[in-house]
Amino acid sequence: MKGQTALITGGGRGIGEAAARALARAGARVFIASRTRSELERVAAETGAEFAVCDVTLPSDVEALARRVGPVQVLVNNAGVAESAPLARMDLEFWRKVMDTNLTSAFLLARSVVPAMVAARYGRIVNVASIAGKRGGAYISAYAASKHGLLGLTSSLAMELAGHGVLVNAVCPGYVDTPMTRRNVERIAQATGKPPDQVLRSFLDSMGQSRLLEPEVVAKAILELAAPECAHTGAAIDLL
Ligand code: NDP
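Residues numbered from 1 in each chain as written. Predicted model: local features only at pLDDT ≥ 70, side-chain atom pairs only at ≥ 80, totals over all residues. Heavy atoms only, no water.

S.K.: Before we move on, can you summarise the overall build of the chain with the specific residues and values?
M.R.: A count of helical and extended segments in the chain gives eight helices and seven strands. Against the globule reference of 18 Å for 240 residues, the chain gives a C-alpha radius of gyration of 17 Å, in line with a compact fold. With the C-alpha coordinates aligned to their principal axes, the bounding extent of the chain is approximately 55 × 35 × 35 Å. In the chain, which comprises 240 residues, the proportion classed as buried is 49%. Here the analysis covers contacts within the chain between residues at least 6 apart in sequence; of these, 68% occur between residues at least 24 apart. Roughly 11,200 Å² of accessible area belongs to the chain as shown, and the carbon and sulfur atoms make up 55% of that amount. Charge-centre separation for the chain: the mean point of 26 positive side chains lies 2 Å from the mean point of 22 negative side chains. (Helix = DSSP H or I, 4+ residues; strand = E, 2+ residues; numbered from the N terminus. Rg over C-alpha atoms; globule rule 2.2 N^0.38 Å. Buried < 20%, exposed > 50% of the residue type's maximum accessible area, 1.4 Å probe, protein only. Contact = heavy atoms within 4.5 Å. Areas by Shrake-Rupley, 256 points an atom, 1.4 Å probe, with all protein chains shown as cover. Lys, Arg positive; Asp, Glu negative; His and termini not counted. Charge placed at Lys NZ, Arg CZ, Asp CG, Glu CD.)

S.K.: Give a detailed account of the sheet that holds strand E6 (residues 166-173), specifying residues and quantitative values.
M.R.: Spatial strand order, E3-E2-E1-E4-E5-E6-E7: seven strands in an open sheet with parallel pairing. The open sheet has two free edges, formed respectively by strand E3 (50-53) and strand E7 (236-239), since each of these has just one partner strand. Shown here is a sheet whose adjacent strand axes are inclined to one another by a mean of 15 degrees, direction ignored. In this structure, strand E4 (residues 74-77) lies alongside strand E5 (residues 123-128), joined through four bridges in parallel fashion. Across the sheet, asparagine 77 pairs through a bridge with asparagine 127, a residue of E5. Packed on one face of the sheet, helix H5 (residues 141-161) meets E5, E6 and E7 and runs near 160 degrees to E6. (Pairing = 2+ DSSP bridges. Axes fitted to C-alpha atoms, helices over the stretch in contact; angles between N-to-C directions.)

S.K.: Tell me about the pairing of E5, and name the residues and values.
M.R.: Burial within E5 is extensive, with six of its six residues counted as buried. Covered by surrounding structure in E5 are Gly123, Ile125 and Asn127 together with Arg124, Val126 and Val128, the residues of both alternating faces. For the handedness criterion, the β-α-β arrangement of E4, helix H4 (residues 92-120) and E5 is classed as right-handed. Sheet topology note: the E5/E6 ladder contains six bridges and is parallel. Within E6, the position partnered with glycine 123 by the bridge is valine 166. For the crossover from E5 across H5 to E6, the handedness is right-handed. (Right-handed = clockwise from strand over helix to strand, strands pointing away.)

S.K.: Tell me what's going on with the packing of helix H6 (residues 179-192) against helix H7 (residues 196-207), and back it up with residues and numbers.
M.R.: Geometry of a packed helix pair, given as the angle between the helix axes and the separation of the axes. Where H6 contacts H7, the axes come no closer than 9 Å and their chain directions differ by 115 degrees. The chirality of how H6 crosses H7 is right-handed. Residues Asn184, Val185, Glu186, Ile188, Ala189 and Thr192 of H6 form the contact with H7, whose participating residues are Pro196, Val199, Leu200 and Phe203. When its residues are assigned to classes, the contact of H6 with H7 shows seven nonpolar, two polar and one charged. (Left-handed = near helix turned anticlockwise from the far one by under 90°. Nonpolar A, V, L, I, M, F, W, Y, C, P; charged D, E, K, R; others polar.)

Here's what the structure looks like:
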């Protein structure tokens, strides 16, 4: 990946952090962006990545980020939130936050970086979707809708950009050992009074997973889809 610039949203922790480490190890110039400066500083210090504080739900932040980073060969749309609620307790603000973070951000980022990719006749976009992008579940209607939408964006852009050297793919992990999953286990444990390990077991059983995935497993798949030798476009690869 030498000579290539990779922009990773949500690179301050979890899957994005693991992807930043993998791409930096592969020789790319890595640029990470999220809202929490202290996390970006830590990952940057440990990997040599550059960083910018950016809220990917704000078009002005995304445009400023794209201007600052310049042309990129790799875009990893990873920033996301995984809040859950029953329909009756979901207001429009909740719905919009999930959509803006998980789906609209990927549109905004792609719109900012694709023109330079097309001009260079080279680019790789990797969208971090989820198994919830292929099947829904109780209480995750907003999250599952956003990830289904992200897969629709992926396959449509893959077709649109197929003749321009730009490949667009997605990864669809089950449950991964990240701060997001740990927070969700804690939240459900508190809400239901069940012990956290029982809550985690029920998460894993719902996916048919025997254990949590390590973020590095997802990062490896992201790296493969970001590499020059990638031969897929429009793929949505399940990781369980
Ligand atoms: P974490 O919560 O651990 O990390 C999420 C990252 O996204 C953080 O860096 C966070 O930074 C960033 N982010 C969230 N909102 C914004 C925003 N508005 N602007 C900029 N950055 C933002 O989650 P994971 O690493 O687990 O998740 C990463 C991706 O993987 C998500 O898209 C998630 O849906 C997906 N995924 C996760 C799975 C899991 O089991 N963990 C399973 C399948 C998919 P900050 O809050 O500082 O802005």
